[in-house]
Every structure is written in structure tokens, then in C-alpha cells.
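What the coordinates show
Spelled out, the chains give:
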Amino acid sequence: MGRFLRMVLASAISFGLGGLATAADMAVKARPIAEPALASTWTGFYVGINGGWLASNSNNLTNVGTDTGIGGLGSAINLGLVPVGLTGFRASGGLVGGTAGYNWQVNPNWVVGVEGDIDWVSAKRSFNTGFRTVTFIPVASAYSRELDWLGTFRGRIGFAVAPSILIYGTGGLAVGQVKVGNQFICPACAPPSTTEPGTANTNTTTAAGWTVGAGAEWKFAPAWSVKAEYLYADLGTHSSLITYTYGADTSTLRSSVHDTFNVARVGLNYSFGGPVVAKY
């Protein structure tokens, strides 16, 4: 009987120790399931507002004149009385407008899309130059340039350096309304340029060109993001022509500017895309 009790006791101890070992092993293996990390998705349609600063490059204004006689604008250019050109004829000012676009997040890091925007611009510059002719008649010429609005339609390709931070390059079409003006001022001339038709002109053109740039965008909330970007825009060369008739002779003055601009702006976008998704 004593031998039987000893066997039962030994079996119970062995079973208890085995159960404790199994429980300890299960405790080691049964780790909690990790929660999935959240990653922003850039896919979807978005709209926004933007604003910033625009400045033309140091484009020169060039003057070309013709003259059938010796007393007109062409002759004045040849004598150096009317400048052949103006250096550093820059126009600058603020801009504000709206943006709309669509993004496709083609894999966890790469995002492609299209974007369009239009901005109202206040960028102007004018310049007056006065001199006296060889007969001491006071004469002046005046020039102006202006950009009233600028729109772009561009492709974008970006790389997500973090789930909510996108850096991108962009390029495409640029369209804007540009103005170039020139004027010949000579009240003592015969006839006076202040009353002679055609001695003051402003040429307004809706011009198409191209743009290229880069930027960065931060999605600070599932539907909201802010961006900062730089664009270089080229709208081509534009000119204004004036004609001055004196006696039987006619002269012309054509003033031309190559319109290129640097644009720096920030924007706030609201996205209608998908919600934040789980990333394991």
C-alpha cells in the first residue's frame, strides 16, 4: 500500500511540473498580434487654393525702328536718342488662385498625377526715358510690361519619402495674358506725338508656352495637405508697334520682350480620395 501511494504521488508531481512547463512555453510563444501601421494614400481627386510671388527674369526690352526720312523714330535709334534696349526690365508681384488635380499612388512610394491651376497676377513694370534731340526738342519714350493672369496644366511625378510626405517634379502647358506697351512723347514735334494717332500702343496677348518645376507636399490629416513649389514659365516673345508720320515720311518703333517668369507659391489642398489604409 505504501508503495502504491508513493507511485501516485510521483505521478502527480510529474504531471504538475509538465503542465507548468507547457504553460510557460505557451506564455513565451503567445505574443500579442501587432497593430497594423497606418499609411496615407495619395490617390484621389483634390481641390485647393494657392498664393505666392511671381517675378520675371532679367529679360531685356529691345527696340527696332524704321524710318523713311531722317527725323523719325528709326533715325532717333540710330543716333542713340531712343535706347536700343533696356536691361533688367523686370516685372514682379503677387498671385493668388485655385488648384484642382488627381493623383494615382501606383505603389507605396511612387505617385503620378495631373494638376491644373489659374492665378490672378499683379506684376507690372514701366520705364520712361527722356532726352533732347539735336535741335534741343524735348523727347521721351515710355515702355511697360504686365502679366494679368497665369494658368498651367501639368503632369506630376512624385516619390513618398514618408507615407505623408511627397516630393515631386512637374511640367506641362502654361498660358497667360501678357501686355507690352510703348510710347513716343514729343509735344513740340510737328505734328505733336501727343495728338498723332499710333504713337502710343499696348499689345495684349493670351499667350501659350511651357512650364517646369518641383515641390514638396505634406499630408497633415487624411484629407488635408499643404505644399510649396517653384515653377519656371516661358510664354514666348511679345511686342508692341507704334507708327509716327511726319510730313511725307513714316517711322515705326517695335518694342519686344521675351516673357519668362519665376513663380514661388504655397498651397492648401483638400482631397476626396480614399481613407487612410492599413500597412502591415
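One can find the structure itself at the top, above this paragraph.
Source: prediction; values computed, not measured.

A tally of helices and strands in the protein chain yields two helices and twelve strands. Counting helices and strands in the order they occur from the N terminus, the protein chain gives α-β-β-β-α-β-β-β-β-β-β-β-β-β. Residue pairs at least 24 apart in sequence account for 73% of intrachain contacts in the protein chain once pairs closer than 6 positions are excluded. A total of about 14,700 Å² of accessible surface is found on the protein chain, and carbon and sulfur atoms cover 67% of it.

The next subject is the nonpolar core. Residues Tyr143, Phe184 and Leu253 are the most contacted members of the largest nonpolar core, which totals 18 residues. Counting residues in hydrophobic clusters, the runner-up holds 14 residues, among them Val121, Leu235, Phe261 and Val263.

This part takes up empty space enclosed by the protein. Evaluation of the coordinates by the stated rule reveals one cavity of 30 Å³ or more. Along its surface, the largest cavity is lined by Trp42, Tyr46, Asn103, Glu217, Lys219, Ser225, Asn269, Tyr270 and Ser271. Sorting the residues of the lining of the largest cavity by element identifies strand 9 (200-221) and strand 11 (249-271) as the ones contributing at least two each. For the lining of the largest cavity, the leading source of residues is strand 11, giving three residues. Class assignment of the residues belonging to the lining of the largest cavity gives a composition of three nonpolar, four polar and two charged.

With respect to the secondary-structure elements, alanine 214 resides in strand 9. Looking at alanine 214, the relative accessible area reads 41%, which means it is partly exposed. For the pair alanine 214 and threonine 170, spaced 44 residues apart in the sequence, the C-alpha separation amounts to 5.7 Å.

Rules and cut-offs
Residues numbered from 1 in each chain as written. Predicted model: local features only at pLDDT ≥ 70, side-chain atom pairs only at ≥ 80, totals over all residues. Heavy atoms only, no water. Helix = DSSP H or I, 4+ residues; strand = E, 2+ residues; numbered from the N terminus. Contact = heavy atoms within 4.5 Å. Areas by Shrake-Rupley, 256 points an atom, 1.4 Å probe, with all protein chains shown as cover. Core = buried A, V, L, I, M, F, W, Y, C linked by side-chain atoms within 4.5 Å. Buried < 20%, exposed > 50% of the residue type's maximum accessible area, 1.4 Å probe, protein only. 1 Å grid on protein atoms, 1.4 Å probe; cavity = no way out; pocket = protein on both sides within 12 Å on 5 of 7 lines; lining within 4 Å. Points joined across faces, edges and corners; volume = space filled by probe spheres on them. Nonpolar A, V, L, I, M, F, W, Y, C, P; charged D, E, K, R; others polar.

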